[in-house]
Amino acid sequence: MPGRSLLRYVARTAIAGWLTVSSLFLISRAYTDSAAFLRSSLENSSRPLPAARRARLTQQLLQRYGLDVPLFYITPDSATTWRPSWRWNGVRNQYHRWLTRAVQGDLGTSYRDGSPVTELLARSLLYTLPLTVLAAVCSIGLTWGIVVWMNVRPSWRSMGLLSLHGLQAAPLFLTATTLLLLLANPDVLAWFPAFGLGLEDLEASWWQQPGRLLYFLVLPTLSLVLVTLPGLAVQLDGALQQELHRPYIATARAKGSSVSRVVWHHGLRNALLPTLALLTELLPNLVAGSTVVELLFALPGMGRLLAESAATQDYPVLIGAIGLVALVRLLAQVVADILYWVVDPRIRVQV
Amino acid sequence: MSRSRVSPGLAGIAGGWLLLIILAAWATPTTVPIPDLARAGYPPFQAPHWLGTDPQGLDVGWSLLQGSRTVVLISVPAALLTLLLGTGLGSAAGFWGNRLALTRARAVAGAGLLTSGLLFWAQLAAFPILGALFLLLAGSLEALLRRTRWGRQPHFLPLDAALSACSALLDSIPLLLLVVAVASVQRPSVSGIVSLLALTCWTTPARLMRAATLQVAVQPYLEAARMTGLTDLQLLRRHIWPNTWQVAAVRFPMTVAALISLETTLAFLGIGLAPETPSWGRILSAVRQAPTAWWLVVWPGLALIVTLLSLHVLSRWLQDRMDVTNTSNNLLT
């Protein structure tokens, strides 16, 4: 890509990320009920406090969580005098403080247990990253294999498509629950563990850790793969079918290539292009899916962190996690655009 | 590319099942049944609880019937709203593109009205009569500017660019995460969740509608109709919508299916709706307390799968009838 369009592209991506995270911050902070937050924080100390002490404690709490200054540069002012009903707050506001800290890599501390958000995110990524990457690799590989197989052996195609459509209809939580009940249940088949990751990690020595992690991740990965596979496979199959009816395929066949060689070397390469768009959504969608899977299989990963912080209105953690997902999505978009550019020479000319 | 058509028998079965769901939703009483505590966690195929009971002693069959009410009452209005929003915005973006023309006089008056309304919102809320004054001022400004040559020149609004920026921003976060995040902020209620779903799901129908409108907008007959002096709204109503509404109609069952799986996922996670709302997802989530109770998964799971498959069949059948191609639905929930 030439320099200027690359620059414009990067700027657009950065602005989109900034807008997303900022609007999330503003919406969540605008809804933080600071009175309810104070009540729940003060109730932890069970003794009734004298009024002066209580006021001081309140002030300290508000200062600690950054709730003691106005939300934004301008805030609405409901006084009905003949002045504009907005008040200018200068840089002494929550958004400015949060943004300057976020730029320096400090996302604040959790409302729940006071630990830094970055640390919480890093700890949960330790489980989510293997899960999502494993699921992505497996579903891409399986999609590839199934589509090639369906097209090389056309007699199985309608059968395969039918089962793919059936699988596509099932929501993730249903697939995952079914797998859990069938394969991790002492009454049916107890092949895999239903929970327990992150509990006794210290007992296993370091060389056992990856194997142990893998053993715990089999069922969550399988359920994620079963849900993402049908969409990808149906899309790739449709594109491949369209390619296989083109004249150049007939030429290749006429020159003596076998069916499998035509599919592998000629059709698939051209069918990849429409499927790339779906790949950009794969990784963020897997993170979203891991919310359900991690809750169900009790994995201490990012999806669970997200769902728990949403349920307990722990906004710093929620914003950090969602911002990270949005960032991944934007990066995936960039990677996909580069891939388009690599795969299709026509796009290079247009840019 | 030839695609197998949906047989009428299959479409009939799918339609019949969906009718049954609607009937169940309409006929089931809303009263919460009394839990049968003596038979909590009871297996199925025994009187009086033929489908078993959950760990709280509620009858699973009865909860299923009541859950169908939630399914219908949330997903159908949300899908209608989604499609209305998506079709409106999408066809506007496709029809006008980035060249929605206003005279400069109108643009200036409109901008003035908007800024003054924003600046003095508190006074407006206190004395609504001020609004009439603002309108009068804006109207006279427009009338004044209209007389100048500068004011009569056109000003273009970048409608299409604004819309695509909006939908790119919405799409940058997976739908489930967005709904989970927003549902944590608002109080759980049916109207809240319906509007939340509609406001986040409109991007796909809008994109489809925009593409369909763009295809129609370059046809010669539209040029001819424009030459006869029809206004933009008349063109949209008489010449564009009759050719594009099928896209939205085919999309409807798919949207309902996506919303049903999103709603049951939310209920399964316990987010967004009041915890006592009966839902298929909530029956399923009870299995986490009683892992041996297979009947808590099988019945709601079957109901859910059959409903979603019926909606897919219905969508395919509509596609066959109306001869439009539809992109596959890839919401992961």
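Residues numbered from 1 in each chain as written. Chains lettered and ligands numbered in written order. Predicted model: local features only at pLDDT ≥ 70, side-chain atom pairs only at ≥ 80, totals over all residues. Heavy atoms only, no water.

Another point: the packing of aromatic side chains. Where two aromatic rings form a pair, the distance of their centres and the angle of their planes describe that pair. All names here are of chain A. Under the defined criterion, the tally for this structure stands at 13 aromatic pairs over all chains. Plain terms: the ring middles of F25 and Y95 are 6.0 Å apart, the flat faces sit at 50 degrees to each other, and that makes the pair tilted. In this pair, F25 is assigned in helix 1 (residues 3-31) and Y95 in helix 4 (residues 94-103), connecting sequence segments 70 residues apart. The class for F25 is buried, based on a relative accessible area of 1%. Taking the relative accessible area as the measure of exposure, Y95 reaches 3% and is therefore buried. Ring plane angle 40 degrees and centroid distance 6.1 Å describe the contact between Y95 and W98, whose orientation is recorded as tilted. Residue Y95 and its partner W98 are both found in helix 4; the two are separated by three residues, about one turn of the helix. Considered together, Y95 and W98 belong to a single accessibility category, that of buried residues. In this structure an aromatic cluster arises from ring pairing among F25, F72, Y73, W88, Y95 and W98. (Phe/Tyr/Trp six-rings, centres within 6.5 Å; stacked < 30°, edge-to-face > 60°. Helix = DSSP H or I, 4+ residues; strand = E, 2+ residues; numbered from the N terminus. Buried < 20%, exposed > 50% of the residue type's maximum accessible area, 1.4 Å probe, protein only.)

For the rest of this paragraph, the subject is the environment of R146 of chain B. Residues and elements named next belong to chain B. Mapped onto the secondary structure, R146 falls in helix 5 (residues 129-146). The sequence separation of R146 and T103 amounts to 43 residues, and the corresponding C-alpha distance is 8.3 Å. When residues no more than four places from it in sequence are discounted, the contact partners of R146 are A105 and R152. (Contact = heavy atoms within 4.5 Å.)

Next up on the list: the packing of helix 2 (residues 60-96) of chain B against helix 10 (residues 203-217) of chain B. Residues and elements named next belong to chain B. Look at helix 2 against helix 10: their axes get within 7 Å of each other, and the N-to-C directions meet at 35 degrees. Seen from above, helix 2 lies across helix 10 with right-handed handedness. Listed contacts from helix 10 to T82, L83, G86, T87, G90, S91, A93, G94 and F95 of helix 2 are P205, A206, M209, R210, T213 and L214. Across the contact of helix 2 with helix 10, the residue classes tally to seven nonpolar, seven polar and one charged. (Axes fitted to C-alpha atoms, helices over the stretch in contact; angles between N-to-C directions. Left-handed = near helix turned anticlockwise from the far one by under 90°. Nonpolar A, V, L, I, M, F, W, Y, C, P; charged D, E, K, R; others polar.)

We now examine the interface of chain B and chain A. Chain B puts 43 residues into the contact, and the matching count from chain A is 55 residues. Together, the buried faces of chain B and chain A total about 4,300 Å²; carbon and sulfur atoms form 75% of this surface. At the boundary of chain B and chain A, one finds zero salt bridges. Between chain B and chain A we count zero residue pairs in polar contact (both at pLDDT 80 or more) in total. (Buried area = accessible area lost by both parts, 1.4 Å probe. Salt bridge = Lys/Arg side-chain N within 4 Å of Asp/Glu carboxyl O. Polar contact = N/O pair within 3.5 Å; in protein donor to acceptor, adjacent residues only side chain to side chain.)

Once that is clear, we can look at the domain arrangement of chain A. Residue and element names in this part refer to chain A. Here the domain parsing of chain A yields domain 1 (3-103) and domain 2 (117-343). Listed per partner, the contact involves 11 residues of domain 1 and nine residues of domain 2. Here domain 1 packs against domain 2, burying approximately 820 Å² in sum over the two surfaces, 80% of which is carbon and sulfur. On the surface where domain 1 and domain 2 come into contact, there are zero salt bridges. Our count for the domain 1 to domain 2 interface comes out at zero residue pairs in polar contact (both at pLDDT 80 or more). Grouping the constituent residues of the side of domain 1 that touches domain 2 by class yields six nonpolar, five polar and no charged. (Domains from an automatic or database assignment.)

Let us now look at a nonpolar patch on the surface. Side chains of I74, W86 and W88 of chain A together with L118, L119 and W121 of chain B sit close together on the surface and give an oily, nonpolar patch of about 600 Å² of accessible area. Listing elements by their share of the nonpolar patch, those giving two or more residues are strand 2 (86-88) of chain A together with helix 3 (104-119) of chain B. By the element assignment, I74 of chain A lies in strand 1 (residues 74-76). The class of I74 of chain A is partly exposed, set by a relative accessible area of 37%. (Patch = residues over 30% accessible without salt bridge, like charges linked within 9 Å, V, L, I, M, F, W, Y side chains within 5 Å. Areas by Shrake-Rupley, 256 points an atom, 1.4 Å probe, with all protein chains shown as cover.)

This brings us to the environment of R321 of chain B. All names here are of chain B. With respect to the element layout, R321 can be found in helix 14 (residues 295-322). Residue classification places R321 among the exposed positions, given a relative accessible area of 59%. The spatial distance from the C-alpha of R321 to the C-alpha of V6 is 9.9 Å, given a sequence separation of 315 residues.

Looking now at the nonpolar core. Counting residues in hydrophobic clusters, the biggest one holds 101 residues, and the most contacted among them are F297 of chain A together with W280 and L296 of chain B. When residues in this core are grouped by element, the largest group, 10 residues, is from helix 10 (residues 259-297) of chain A. For this core, the two domains that each supply at least three residues are domain 1 (3-103) and domain 2 (117-343) of chain A. (Core = buried A, V, L, I, M, F, W, Y, C linked by side-chain atoms within 4.5 Å.)

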